[in-house]
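Observations on the model geometry
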Amino acid sequence: MKQRIDKHGLSIDPSLYDLVNNEILPGTEVAPEGFWDGLFDIIRTFRPRNRELLERRDRLQERLDDWHRANPGPVDFDAYREFLEEIGYLCRRGEPFRIVTDNVDDEVSVIAGPQLVVPVDNARYALNAANARWNSLYDALYGSDIIPETDGGAKGSRYNPVRGSRVIAYARDFLDRAVPLAAGSHAHVVSYRVCAGRLVARMGDGSESGLGMKECFAGYRGNPDSPCGILLRNNDLHIELEIGDDSEIGKADLAHIKDMVIESAITSIMDLEDAVATVDAEDKVNAYRNWCGLMKGTLTAKMSKGGKRFTRRLNPDREYLGPDGTPFTLHGRGLMFVRNVGMHIDTDVVTCDGDDIPETFLDAMVSAVAALHDLKGSGIRNSRKGSIYVVKPKMHGPDEVALAVDLFSRVETHLGLSENTVKIGIMDEERRTTVNLSECIRAARERVVFINTGFLDRTGDEIHSEMEAGPMIPKSEMKTAPWLLSYEDRNVEVGLETGMPGHGQIGKGMWAAPDFMEGMVREKIAHPRAGANTAWVPSPTAATLHAMHYHMVNVGQRQWQLAGRVKGSLEDILTVPVMTDPDLDPSRIVREVENNAQGILGYVVRWIDQGIGCSKVPDISDVALMEDRATLRISSQHIANWLRHGLVSRELVEEVFERMASVVDGQNAGDPAYTPMSDNLDGSIAYRTALELVFRGCELPNGYTEYVLHPRRREFKASRGS
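This text gives an overview of the structure that appears in the document. The structure presented is a predicted model; accordingly, all values stated were derived computationally and were not measured.

Within the open sheet, the three strands sit side by side as β5-β6-β7. Their pairing is antiparallel. Edge strands, defined here as strands with exactly one partner in the open sheet, are β5 (189–195) and β7 (208–209). Where β5 lies against strand β6 (residues 198–203), six bridges are found, and the strand directions are antiparallel. Along β6, the bridge assignment pairs Cys195 with Arg198.

As structure tokens, this is what we get:
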């Protein structure tokens with residue numbers, strides 16, 4: 001092992017030092033001395049404040065616990081609110097204001113569409129997400145459960161014309177709704193041509209029609225009389241009809257449309273937080289290297305598909321001719337955010353005065369300096385407006401948002417950036433941020449470009465914050481609880497009230513079942529209807545299918561309709577989701593614990609043993625669900641709460657976990673990298689970690705799982721000599 005680098009007042013892991021000095025800084029005009037001296041200054045300046053804010057979290061939690069112990073039973077809202085104001089948990093709202101963030105790219109400020117969240121430590125996933133700006137609707141439909149497999153429509157190993165015809169019919173119907181013809185249907189078109197700057201569609205009977213709205217024709221490829229591509233636009237989103245008889249699909253199609261490619265993941269979040277398992281220098285260096293490669297435009301990944309090996313890289317921009325024949329380009333990739341870790345995580349990758357440092361300080365400096373390559377135009381461009389987009393998770397209230405603002409201001413100073421170059425996305429996923437959301441936005445009013453609700457972390461924090469109030473309702477009932485419905489409404493209302501439209505995104509959370517796209521297409525249209533101009537999706541395919549919703553709903557108009565509406569009351573948000581009658585049927589209690597335990601084990605065993613931070617994990621019914629640390633937090637906190645209030649015993653929990661370990665082993669039997677837990681429960685670090693998360697759930701600060709996961713993953717790596 002190489003000796004640590006002791007310079008600039010810091011002790012630095014040599015692999016990070018080499019990465020920053022030799023790979024990231026060259027070409028940025030930032031000297032190594034300036035970078036490391038700047039990091040040292042940030043640590044010395046902000047570490048005491050960071051520590052004090054974390055200690056304040058603990059003090060507030062103690063006050064909440066004491067209050068609920070002293071006031072058992074139904075909560076008196078007026079008394080509760082007065083108490084929260086007295087201890088500073090609930091802030092006084094200031095005068096009305098509007099955010100003033102400028103230099104925001106259209107993908108964030110104007111265009112409404114899906115958003116992907118991917119682990120940046122996986123180069124293939126990161127590239128797939130960035131490239132998911134443009135995807136085949138035909139492929140997304142063909143491979144999903146939206147198209148039934150009945151009556152000869154099975155997917156099979158080769159192209160099935162029966163299924164293909166259903167895909168084409170579905171896509172033509174979507175086209176008729178998104179960009180209709182003035183007369184007739186796209187399903188009856190036999191050819192398209194461009195004449196005098198207009199699109200002309202010729203029908204089988206010889207009649208012709210233009211588009212219902214002329215402005216929906218955006219451009220074309222090839223010859224105007226027989227174009228190979230037609231570009232259409234609706235609600236600021238594009239659809240390209242790829243035309244040609246050089247494929248089985250195009251040859252059989254009436255208009256020789258061989259594919260329909262639509263703008264899909266308009267933005268993506270390259271995650272350094274909940275979706276990754278980065279616990280040491282090796283992990284962080286890999287993640288930082290990938291982020292830097294994205295910003296340089298040089299990141300690649302070796303892949304194989306259909307028996308062929310190839311190299312994936314960032315897609316180039318797309319070239320078209322405008323209606324008048326003038327060449328132009330469209331962005332070939334979604335705009336990328338980077339999500340830094342929360343302020344509660346420390347790292348020894350860099351130490352100062354012998355102590356670990358807040359990892360978020362390191363993330364801030366490294367992710368920003370890597371993005372300088374993009375701002376200087378040295379590679380494929382991410383931001384055309386010269387901004388760096390950073391999502392800040394797990395902030396509790398406006399004081400912590402203010403720290404993030406000051407942190408990025410100091411980062412800008414040390415990197416020679418203009419003030420407010422670094423934009424902030426605020427995750428509304430902690431209870432104290434929810435109830436003070438307006439003041440949180442005010443604290444970042446010159447930087448904020450994003451607010452987003454997150455059911456899972458928000459529910460985990462709800463349970464932990466009110467741990468002493470009583471036994472919580474079953475997890476399945478949380479989605480319809482008064483506090484959650486009001487939380488979702490109020491997030492949009494505050495975003496509209498503070499001027500997010502035209503400056504940033506109002507976002508909604510993840511569809512967790514990536515294999516159930518029919519349900520997503522049926523239900524997730526609720527997000528744009530609610531006034532959200534983005535929502536998280538679990539895959540490029542899901543992004544393509546969810547993109548159809550933004551053609552059906554003009555989010556800008558919907559936001560205008562919703563402005564001034566008041567539905568999300570603070571009283572509802574502060575309604576504690578405890579059971580009014582905790583005398584549940586014993587079999588239901590066992591089923592709830594089994595469901596939680598199986599999810600915990602299925603996720604933790606991959607996190608600890610394989611370093612996988614986010615993946616599809618089969619639930620107790622073998623339904624694959626996207627799991628990350630947010631899902632782990634809610635499940636572990638829920639069992640911990642029922643333990644605390646005597647609904648379950650430690651013996652029952654241990655018995656259920658032992659049974660579920662065998663279930664999870666069976667679900668992973670086909671994974672050659674998997675090590676069964678049930679063969680040696682005492683010797684399985686993953687199994688012991690899962691139990692520890694539950695049995696220490698009440699004492700873990702805010703219920704965060706990193707306090708257990710990180711040391712246990714490092715223990716596992718050490719046991720394997722890695």
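With antiparallel pairing, four strands are arranged side by side in an open sheet as β1-β2-β18-β19. What marks the edges here is a single partner per strand, and that holds for β1 (5–7) and β19 (355–358). This sheet shows a mean twist of 45 degrees between the axes of neighbouring strands, independent of strand direction. Bridge analysis of strand β18 (residues 346–352) against β19 gives four bridges, and the strand direction is antiparallel. Looking at the pairing, Thr347 lines up with Ile357 of β19.

What the rule picks out here adds up to nine aromatic pairs. Three or more aromatic residues link up through ring pairs in this structure, and these residues are Tyr17, Phe35 and Trp36. When the ring centre of Phe695 is taken as reference, the NZ or CZ atom of Arg650 above it lies at 3.8 Å.

All told, the structure shown has 65 salt bridges when counted by the stated rule. Among the salt bridges present, the one from Lys394 reaches Glu273, with a minimum N-O distance of 2.6 Å. Within this pair, whereas Lys394 is found in the loop between β20 (388–392) and α11 (398–415), its partner Glu273 is found in the loop between β12 (267–271) and α9 (281–296), the two being separated by 121 residues in sequence. Owing to a relative accessible area of 1%, Lys394 belongs among the buried residues under this scheme. The exposure class assigned to Glu273 is buried, which follows from its relative accessible area of 0%.

Before going further, it helps to spend a moment on a negative patch on the surface. Taken together, the side chains of Asp76, Asp78, Glu82, Glu571 and Asp572 present a region of like negative charge at the surface. Listing elements by their share of the negative patch, those giving two or more residues are α3 (77–86) and α20 (570–573). The topology assignment puts Glu82 in helix α3.

What follows concerns the layout of surface pockets. Empty space left among the atoms is revealed by rolling a probe the size of a water molecule over them. There is about 510 Å³ of room inside the second largest pocket. For the second largest pocket, the lining is made up of 27 residues, of which His344, Ile345, Asp346, Thr347 and Tyr707 are closest to its centre. The set of elements that each furnish at least two residues to the lining of the second largest pocket consists of α2 (32–70), β18, β19 and α25 (706–719). Tallying contributions element by element places α2 first for the lining of the second largest pocket, with seven residues. For the lining of the second largest pocket, the per-class residue count stands at eight nonpolar, six polar and 13 charged.

It is at 8 Å that the axes of helix α21 (residues 586–610) and helix α23 (residues 650–667) come closest, and there the two elements cross at 50 degrees. On the basis of their axis angle, the class for α21 and α23 is oblique. With respect to the hand of their crossing, α21 and α23 are arranged in right-handed fashion. Across the interface between the two elements, Val590, Val593, Glu594, Ala597, Gln598, Ile600, Leu601, Gly602 and Val605 from α21 touch Leu652, Val656, Phe657, Arg659, Met660, Ala661, Val663, Val664 and Gln667 from α23. In the contact of α21 with α23, the residues fall into 13 nonpolar, three polar and two charged.

For Gln598, the position within the fold is in helix α21. Judged by its relative accessible area of 1%, Gln598 is buried. Of note is the side chain of Gln598, whose polar atom sits 3.1 Å from the backbone nitrogen of Ile620. Apart from residues lying up to four places away in sequence, Gln598 is in contact with Pro618, Asp619, Ile620, Met660, Val663, Val664 and Gln667.

Once that is clear, we can look at the pairing of strand β23 (residues 505–508). Regular strands have side chains that alternate between both faces of the sheet. Judged by which residues are buried, β23 turns out to be covered on both faces: Gln505 and Gly507 on one side and Ile506 and Lys508 on the other are all buried. Where strand β22 (residues 448–453) and β23 come together, three bridges link them in parallel fashion. Looking across to β23, one finds that Ile451 is bridged to Ile506. Both β23 and strand β24 (residues 534–537) contribute to a ladder of two bridges, which runs parallel.

On to the environment of Glu419, then. For Glu419, the location among the structural elements is in the loop between α11 and β21 (422–428). A relative accessible area of 49% means that Glu419 is categorised as partly exposed. Separated by 27 residues in the primary sequence, Glu419 and Glu446 have C-alpha atoms spaced 9.5 Å apart. Polar side-chain contacts of Glu419 include one of 3.1 Å to the side chain of Ser409. Within the structure, Glu419 has its side chain in polar contact with the side chain of Arg447 (distance 3.4 Å).

Conventions and cut-offs
- Residues numbered from 1 in each chain as written.
- Predicted model: local features only at pLDDT ≥ 70, side-chain atom pairs only at ≥ 80, totals over all residues.
- Heavy atoms only, no water.
- Pairing = 2+ DSSP bridges.
- Helix = DSSP H or I, 4+ residues; strand = E, 2+ residues; numbered from the N terminus.
- Axes fitted to C-alpha atoms, helices over the stretch in contact; angles between N-to-C directions.
- Phe/Tyr/Trp six-rings, centres within 6.5 Å; stacked < 30°, edge-to-face > 60°.
- Lys NZ or Arg CZ within 6 Å of the ring centre and 35° of its normal.
- Salt bridge = Lys/Arg side-chain N within 4 Å of Asp/Glu carboxyl O.
- Buried < 20%, exposed > 50% of the residue type's maximum accessible area, 1.4 Å probe, protein only.
- Patch = residues over 30% accessible without salt bridge, like charges linked within 9 Å, V, L, I, M, F, W, Y side chains within 5 Å.
- Areas by Shrake-Rupley, 256 points an atom, 1.4 Å probe, with all protein chains shown as cover.
- Lys, Arg positive; Asp, Glu negative; His and termini not counted.
- Charge placed at Lys NZ, Arg CZ, Asp CG, Glu CD.
- 1 Å grid on protein atoms, 1.4 Å probe; cavity = no way out; pocket = protein on both sides within 12 Å on 5 of 7 lines; lining within 4 Å.
- Points joined across faces, edges and corners; volume = space filled by probe spheres on them.
- Nonpolar A, V, L, I, M, F, W, Y, C, P; charged D, E, K, R; others polar.
- Parallel < 35°, antiparallel > 145°, perpendicular 65-115°, else oblique.
- Left-handed = near helix turned anticlockwise from the far one by under 90°.
- Contact = heavy atoms within 4.5 Å.
- Polar contact = N/O pair within 3.5 Å; in protein donor to acceptor, adjacent residues only side chain to side chain.

Function cannot be read off these values alone, since they describe shape.
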